[in-house]
Amino acid sequence: MSNFSSLLVFLFVDLSMAQLQQGGGPDEKEKTTALKDLLSRIDLDELMKKDEPPLEFPDTLEGFEYAFNENGQLRHIKTGEPFIFNYREDLHRWNQKRYEALGEIITKHIYELLEKDCNLDKVYLPKDAADNEPRSFIFMSKDALTNADKMLVLIHGSGVVRAGQWARRLIINEDLNSGTQIPYIKKAMEEGFAVIVLNPNENYIEVEKSKPLAQQQSPDSSDEPAEKRERKERILKDNKKRRDFYEKYRNPQKEKETMQLYIRENGSPEEHALYVWDNFISKSPAENVFFVAHSYGGLAFVELMIQREADVKSKVTAVALTDSVHNVWHQEANKTIREWMRENCCNWVSSSEPLDTPVESMLPDCPRVSAGLDWRSGEEENPPVGPCVGVDHHLLI
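Summarised in this report is the structure supplied together with it. None of these values were measured; they are calculated from a predicted model. (Residues numbered from 1 in each chain as written. Predicted model: local features only at pLDDT ≥ 70, side-chain atom pairs only at ≥ 80, totals over all residues. Heavy atoms only, no water.)

Examining the overall build of the chain
Put simply, the rule reads: Starting at the N terminus, helices and strands are each numbered in turn, a helix being any DSSP run of H or I of at least four residues and a strand any DSSP run of E of at least two. Only protein chains enter the accessibility calculation, which uses a 1.4 Å probe. A residue is then buried if its area is under 20% of the maximum for its type, exposed if over 50%, and partly exposed in between. The criterion used for residue contact is that any of the two residues' heavy atoms lie within 4.5 Å. Residue burial considers only the protein chains on display, and all accessible areas are found by Shrake-Rupley using a 1.4 Å probe.
If you tally the helices and strands in the chain, you get 14 helices and 12 strands. The buried share of the chain, taken over its 397 residues, is 43%. Partitioning the contacts of the chain with sequence separation of at least 6, the portion at a separation of at least 24 is 71%. Just so you have it, the chain exposes about 21,700 Å², and 49% of that area is on carbon and sulfur atoms.

And the structure:
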């Protein structure tokens, strides 16, 4: 921490102590007033420039000086070292922003691999979207709507992951085989499956806000007496000054304020799964549809069953869940759904027990067995699925 930062921290502590002692007499009040005046004259932008570099990052892997090697591992182009999160010591916020910026580039890279290496088509949603309407997309094999035999549908979990990913942390720190759905896709296509890759977290687009509401004039303010209006404007101005002062300390490199425009009929993972079912999966001629659904993807599948029970039962042959967070009680799945899940679903869960060892469950739905790995000590927003090889030999038969 710079000397300037240390001074600021000291002043804040000293100011707080002075405020606690305000009842002691005029000397303490004068000290508090003097400290407030000093703080008001500190240029916090200049302060944070000393402590935190600009939040400006490359927009390509090459710009980050990283690339995936022949083993699918992310390595530094010059040193060959794995990705380093703590690139700058004592700058956690900056390091986190850098990590997020790299993650967005990797998401685009995975999209390219789905199209080029897996030969999947990118299909935009909603199907009838207007030119200026927010859109999402999924990926489908070219025979998705013509393969009359079998189809594999992949649904990832919640968080920052997007189509083709299981876990961002694994992609960055391990390799593409561990963190992406690509091994599943390639194996399925080798076995003659059509493939559809859902994108349940792509629910909205972000656009920059135009004018903050606080700056917009009240519609009836012109009818107020001038004195009252001036007093209100003065209070708003003072409040804004204090708020801006705090914001400059809390978030010195203020990012643009954005608003979310949700995608029609795809505004949530559950809506997305239902839309893809109605418009693509249910219309395919495949007699046997198989699902692999991870984490929140399992919840989305159960919700799909609740909404389209008869249709799902008629087309879906088996479901491999991995660390699914569904709950048949909270989601109010009826008895016939629970019975179908017991016969047609299996949930591979994080466990240190050997692969396929039965794991006790409190829920009266599908069997739970060990994935052969215990990922609960990890930091990823989604426990990894890639190494759960039990899914492959049970599902792709």
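Structural notes on the nonpolar core
Rule in force here: Note on terminology: a nonpolar core comprises buried Ala, Val, Leu, Ile, Met, Phe, Trp, Tyr and Cys residues joined through side-chain atoms within 4.5 Å.
In terms of nonpolar packing, the biggest core is built from 40 residues, with Leu74 and Ile106 touching the most fellow members. No other element matches helix H5 (residues 92-116), which puts 9 residues into this core. Grouped together as the second largest cluster of nonpolar side chains are 36 residues, Ile138, Trp277, Ala293 and Val316 included.

A closer look at the sheet that holds strand S4 (residues 136-140)
For sheets, the rule is that strands pair by backbone hydrogen bonds, running either parallel or antiparallel. Just so we agree on the cut-off: DSSP-based pairing: two strands are paired if at least 2 bridges between them are found. Working convention: axes come from line fits to C-alpha atoms, limited for helices to the stretch in contact. Angles between N-to-C directions cover 0 to 180 degrees.
Ordered by their spatial adjacency, 8 strands build an open sheet running S3-S4-S6-S5-S9-S10-S11-S12, and the pairing between neighbours is mixed. A single partner strand is all that each edge strand has here, and the edge strands are strand S3 (121-125) and strand S12 (368-370). For this sheet, the mean angle separating the axes of adjacent strands, direction not counted, is 20°. This element, helix H13 (residues 335-344), spans strand S10 (316-322) and strand S11 (345-349) of the sheet and lies at about 65° to S11.

Points about H13
Worth spelling out the cut-off: Each direction from the helix axis to a C-beta atom contributes to the arc, which is the arc of those directions.
Those residues of H13 lying buried are Ile337, Arg338, Trp340 and Met341. In a view along the axis of H13, the buried residues occupy a sector of 160°, so they form one face of it. Facing away from the buried side of H13, by more than 90 degrees, are the exposed residues Lys335 and Glu343. Looking at the buried side of H13, the elements it contacts are helix H11 (296-307), helix H12 (309-315), S10 and S11.

Quick notes on the pattern of salt bridges
What counts is decided by this rule: Between Lys or Arg on one side and Asp or Glu on the other, a salt bridge is scored when a side-chain nitrogen of the former is within 4 Å of a carboxyl oxygen of the latter.
For the structure shown, the criterion picks out 10 salt bridges. The salt bridge partner of Lys142 is Asp121, with a shortest N-O separation of 2.6 Å. You can see Lys142 sitting in the loop between S4 and strand S5 (150-155) and its partner Asp121 sitting in strand S3, a full 21 residues away along the chain. Judged by its relative accessible area of 52%, Lys142 is exposed. For Asp121, a relative accessible area of 31% gives the class partly exposed. Among the ionic pairs, Glu202 bridges to Arg162, the shortest N-O distance being 2.9 Å. One end of the pair, Glu202, is in the loop between strand S6 (194-197) and strand S7 (204-208); the other, Arg162, is in the loop between S5 and helix H6 (168-173), and 40 residues separate them in sequence. One exposure class covers both Glu202 and Arg162, and it is buried. Through salt bridges with shared partners, a single ionic network connects Asp128, Glu133, Arg264 and Glu265.

Digging into the packing of H11 against H13
Test applied: Note on terminology: angles under 35 degrees are roughly parallel, angles over 145 are roughly antiparallel, angles of 65 to 115 are roughly perpendicular, and the others are oblique. Should the near helix be turned anticlockwise from the far one by less than a right angle, the crossing is termed left-handed; should it be turned clockwise, right-handed. Under the scheme applied here, ten amino acids are nonpolar (Ala, Val, Leu, Ile, Met, Phe, Trp, Tyr, Cys and Pro), four are charged (Asp, Glu, Lys and Arg), and all others, including Gly, are polar.
Contact geometry for H11 and H13: axes closest at 10 Å, N-to-C directions at 130°. Taken together, the axes of H11 and H13 are oblique relative to one another. Pair H11 / H13 crosses with right-handed handedness. Facing H11, whose interface residues are Phe301, Val302, Met305 and Ile306, H13 presents Ile337, Trp340 and Met341. Here the contact of H11 with H13 is built from residues that sort into 7 nonpolar, no polar and no charged.

So, the packing of aromatic side chains
Basically, it comes down to this: Ring pairs are drawn from Phe, Tyr and Trp, using the six-membered ring of Trp, whenever the two centres fall within 6.5 Å, and their geometry is named by plane angle: stacked under 30 degrees, edge-to-face over 60, tilted for the rest.
Counting across every chain of the model gives 13 aromatic pairs. Geometrically, the ring pair formed by Phe57 and Trp94 is tilted, given 5.3 Å between the ring centres and 55° between the ring planes. Placement of the pair is Phe57 in the loop between helix H3 (44-51) and helix H4 (61-64) and Trp94 in helix H5, with a sequence separation of 37 residues. With a centroid separation of 5.0 Å and 80° between ring planes, the pair formed by Tyr111 and Phe137 is classed as edge-to-face. With Tyr111 in helix H5 and Phe137 in strand S4, the pair connects residues that are 26 residues apart, well separated along the chain. This pair shows no difference in class: Tyr111 is buried, exactly as Phe137 is.

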